[in-house]
Amino acid sequence: MRIVDVHAHFGKWPFPIPVRNAEGLLRLMDEAEIEMCLLSSALAIVYDMREGNRALAEAIAPHPRLRGYVTLNANYLAESCEEMDRYLDGETFVGVKIHPSYQGRSAGSVENLRLMEQAAQRGRPLLIHTMGEEAVAETVEAAARFPEMKVILAHGGGVAWQAAASKAGQAPNLYVEFCASACEYWKVTEGLRLAGAEKVLFGSDMDLISPHFIRGMYDSSEMDEETRRKVYRDNAIKLFGLTGV
Amino acid sequence: MAIVDSLTFFGVSTRKRADWSVEALLAALERASIHRALTCSLKGVFYDFREGNDETLAVCSAHPQLVPVATVDPRRAFGCIEEVERMAGAGCRAFRFFPREQGWPYDFLPFVRLVERIEGAGGIIFLPCAENGTATQLFRLFGTLRVPIVLCGVSYWNLSEALACVGEARNFYLETHLINTPDGIDLAVRRVGERRLLLGTNAPETAPGPALAMIRASRLGDYEKGLVLGRNVARLLGLDDENR
């Protein structure tokens, strides 16, 4: 099955991980049978939103298998809106990314709520870094304010993955993907039961984490073929309106 | 290719609802086609190490695919050295410590003395090493000893430091279950050699699939993969020929 990976990154890490350009990412995707991945810029997340988004746009433009998230920063509302307006008018950028931890603003902060309000008006899905019970609770509450916006709880809430999956099963606009270093046994199987097959996506955190590692978790979970197809591929295509995949 | 998992446990999960029973562990190993596993009872971690170690011995006796790992809580003072000797006398060569769960630092004389005693008994020691600074501390404390020290739970967060320490200390090894960057296994082998990596999964809490997938997807040859997947730990523990 050719996979659509909704959580991947482009850029450098302060860890012993070789730097990959777009071609390097494509080779890694081929190894792991990933057809398309949705990337956010590591540079944009950890340091310079504008420079990171620009570098990502330049890197993925020649490669239809690579799509982007526009990374936003709640501390820079006007600039974030400009970034969305700059990049969200085509098919290259298909969603927006918020990383509350790196911004020092929780998902439920006034700053992030204002940012989400603006993002919701642009009509693209939001991938938001979500780790822990408090983050899950705040993100779920924030998502409820903007029911028209599709929200993916990145990392499935981390240790709070059961709460995240359960909420995804209840709220029509909430989704989960489960990439994490801690691949708890039955996380995907139980997450599917709680969230439903239409609400779980495949995310790898590539190339911070190996897609083989995360596939090891998804592949060893209990899924019938129809569910596997939804999780690995169809849910993402439908959610993001992906073409050419 | 016989696979030996160097990092598993069994027992009761108190802080979250989860099945960490012996049966759950065995099922996880079987599903992942893991032939043998080093394991220890959580009772020895959270309650009483002697009772826990007895439970470990009993379980491993009933299930020959499981290899006993002893644990001692150095906070106890009473009976710690004696427990190392008792478990060594029972044929247990692997020892695993849980400082985070028990709240003691590595630079802790009761623990240092236990390490020395385990070295004297010809044992091998598994130690958690998840934070930056920990590997260097262990290197300074034990890097000149002969006892094999296995750094467990190293991730991208502290891989650079762990590789530096394993590269310099001939008795240091790396357990792999959180080495999950795209080239992490290949990088580690290039830096310290394929004989210094030991497969671990942290089952039954963690699914074995991811850790196994990382070894299999690496660029190592079949022989080198076999070393990491089982023969290295089998050699360290003197496990029988089926793992060679």
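Residues numbered from 1 in each chain as written. Chains lettered and ligands numbered in written order. Predicted model: local features only at pLDDT ≥ 70, side-chain atom pairs only at ≥ 80, totals over all residues.

With respect to the overall build of chain B
Definition in use: Helical segments are the DSSP runs of H or I of at least four residues, strand segments are the runs of E of at least two, and each set is numbered from the N terminus. Radius of gyration here uses only the C-alpha atoms, and the compact-globule reference equals 2.2 Å multiplied by the residue count raised to the power 0.38. Contact criterion: two residues are in contact if their C-beta atoms, reconstructed from the backbone, are within 7 Å.
If you tally the helices and strands in chain B, you get 11 helices and eight strands. Against the compact-globule benchmark of 18 Å for 244 residues, chain B has a radius of gyration of 17 Å, which places it among compact chains. For chain B, restricting intrachain contacts to residue pairs at least 6 apart in sequence, the fraction spanning at least 24 positions comes to 70%.

Notes on the overall build of chain A
Under the convention used in this document: Counts of 20 or more other C-beta atoms within 10 Å of a residue's own C-beta define buried residues, counts of 12 or fewer define exposed ones, and intermediate counts define partly exposed ones; C-beta atoms are placed from the backbone.
A count of helices and strands for chain A gives 11 helices and eight strands. When the backbone C-alpha atoms are referred to their principal axes, chain A occupies close to 45 × 40 × 35 Å. For chain A, the residues scored as buried account for 56% of the 245 residues in total. Excluding contacts between residues fewer than 6 apart, the proportion of contacts in chain A whose partners are at least 24 apart in sequence is 75%.

Points about the interface of chain A and chain B
How big an interface is tends to be reported as the loss of accessible area on association of its parts. Just so we agree on the cut-off: In this classification, the charged set is Asp, Glu, Lys and Arg, the nonpolar set is Ala, Val, Leu, Ile, Met, Phe, Trp, Tyr, Cys and Pro, and all remaining amino acids, among them Gly, are polar.
Contacts between the two partners involve 24 residues from chain A and, on the opposite side, 24 residues from chain B. Elements with a minimum of two residues in the side of chain A that touches chain B: α1 (22–31) and α10 (211–219) of chain A. Considering every element that reaches the side of chain A that touches chain B, the biggest residue donor is α10(A), with seven residues. Among the residues forming the side of chain A that touches chain B, the class breakdown is 14 nonpolar, five polar and five charged.

Focus: the sheet that holds strand β3 (residues 66–71) of chain A
Adjacent strands of a sheet form backbone hydrogen bonds with each other and so pair up, either parallel or antiparallel. All names here are of chain A. Filter applied, for reference: Two strands are said to pair when DSSP picks up at least two bridges between them. For helices, the axis comes from a line fit to the C-alpha atoms of the stretch in contact; other axes are also lines fit to C-alpha atoms, and the angle between any two N-to-C directions lies between 0 and 180 degrees.
Read across the sheet, eight strands follow the order β1-β2-β3-β4-β5-β6-β7-β8 without closing on themselves; strand pairing throughout is parallel. Pairing within the sheet leaves two strands with one partner each, and these edge strands are β1 (3–10) and β8 (200–201). Across the sheet, helix α11 (residues 225–240) touches β1, β4 (93–98), β7 (174–177) and β8, and the angle it forms with β1 is around 75 degrees.

Quick look at the confidence of the model for chain B
Where we set the bar: Confidence of the predictor at the level of single residues is given by pLDDT, which spans 0 to 100.
On average, residues of chain B score 96 in pLDDT, and 98% of them are at 70 or above. Model confidence for the complex is summarised by a pTM of 0.90, with the ipTM given as 0.84.

Concerning the environment of Gly153(B)
Residues and elements named next belong to chain B. Structurally, Gly-153 can be placed in the loop between β6 (149–152) and α8 (159–168). In sequence terms Gly-153 and Arg-15 are 138 residues apart; their C-alpha atoms lie 20 Å from each other. When neighbours within four sequence positions are excluded, Gly-153 is seen to be in contact with Pro-128, Cys-129, Ala-130 and Leu-178.

Regarding helix α1 (residues 22–31) of chain B
Residues and elements named next belong to chain B. Selection rule: The arc refers to the directions leading from the helix axis to the C-beta atoms.
Taken together, the buried positions of α1 are Leu-25, Leu-26, Ala-28 and Leu-29. Relative to the axis of α1, the buried residues are bounded by an arc of 160 degrees and lie together on one face. Along α1, the residues that are exposed and aim more than 90 degrees away from the buried face are Glu-23 and Glu-30. Against the buried residues of α1 lie β1 (4–5), β2 (36–39) and α10 (208–216). Count one or two residues on from α1 and you reach Ser-33, which has phi positive near 55 degrees.

A short note on the packing of helix α7 (residues 133–145) of chain A against helix α8 (residues 161–170) of chain A
Residue and element names in this part refer to chain A. The condition is simple: What sets the label is the angle itself: under 35 degrees gives roughly parallel, over 145 gives roughly antiparallel, 65 to 115 gives roughly perpendicular, and the rest give oblique. By convention the crossing between two helices is left-handed if the near helix lies anticlockwise of the far one by an angle smaller than a right angle, and right-handed if it lies clockwise.
For the pair α7 and α8, the least separation of the axes is 9 Å and the interaxial angle reads 15 degrees. The angle between α7 and α8 places the two elements in the roughly parallel class. Between α7 and α8 lies a crossing whose hand is right-handed. Contacts between α7 and α8 involve Glu-133, Val-136 and Val-140 from the former and Ala-163, Ala-164 and Lys-167 from the latter. For the contact of α7 with α8, the per-class residue count stands at four nonpolar, no polar and two charged.

Quick word on the sheet that holds β6(B)
Residue and element names in this part refer to chain B. Sheet architecture is open: eight strands sit in the order β1-β2-β3-β4-β5-β6-β7-β8, paired in parallel fashion. Both outer strands of the open sheet, β1 and β8 (197–198), are each paired with one neighbouring strand and no more. Sheet analysis places β6 next to strand β7 (residues 172–175), joined by three bridges and oriented parallel. If you follow Val-150 over to β7, its bridge partner there is Tyr-173.

Brief notes about the pairing of strand β6 (residues 151–157) of chain A
If a strand is regular, its side chains alternate between the two faces of the sheet. Residue and element names in this part refer to chain A. The cut-off we apply is this: Assignment of crossover handedness uses the view with strands pointing away from the viewer, where a clockwise path from the first strand over the helix to the second indicates a right-handed crossover.
Burial of β6 is extensive: seven of the seven residues sit out of reach of the surface. Crossover strand β5 (residues 126–131) to β6 through α7 is right-handed. When β6 meets β7, the two strands line up parallel, connected through three bridges. Residue Leu-153 lies in a different strand from β7, and its bridge partner there is Val-176. Crossover connection from β6 via α8 to parallel β7: handedness right-handed.

Quick notes on unusual backbone geometry
In this structure, the amide linkage connecting Met206(A) to the following residue, Asp207(A), adopts the cis form with an omega of -5 degrees. Here Asp207(A) shows up in the loop between β8 and α10. At the junction of Ala203(B) and Pro204(B), the peptide bond is cis and its omega measures out at 5 degrees in the coordinates. Here Pro204(B) shows up in the loop between β8 and α10.

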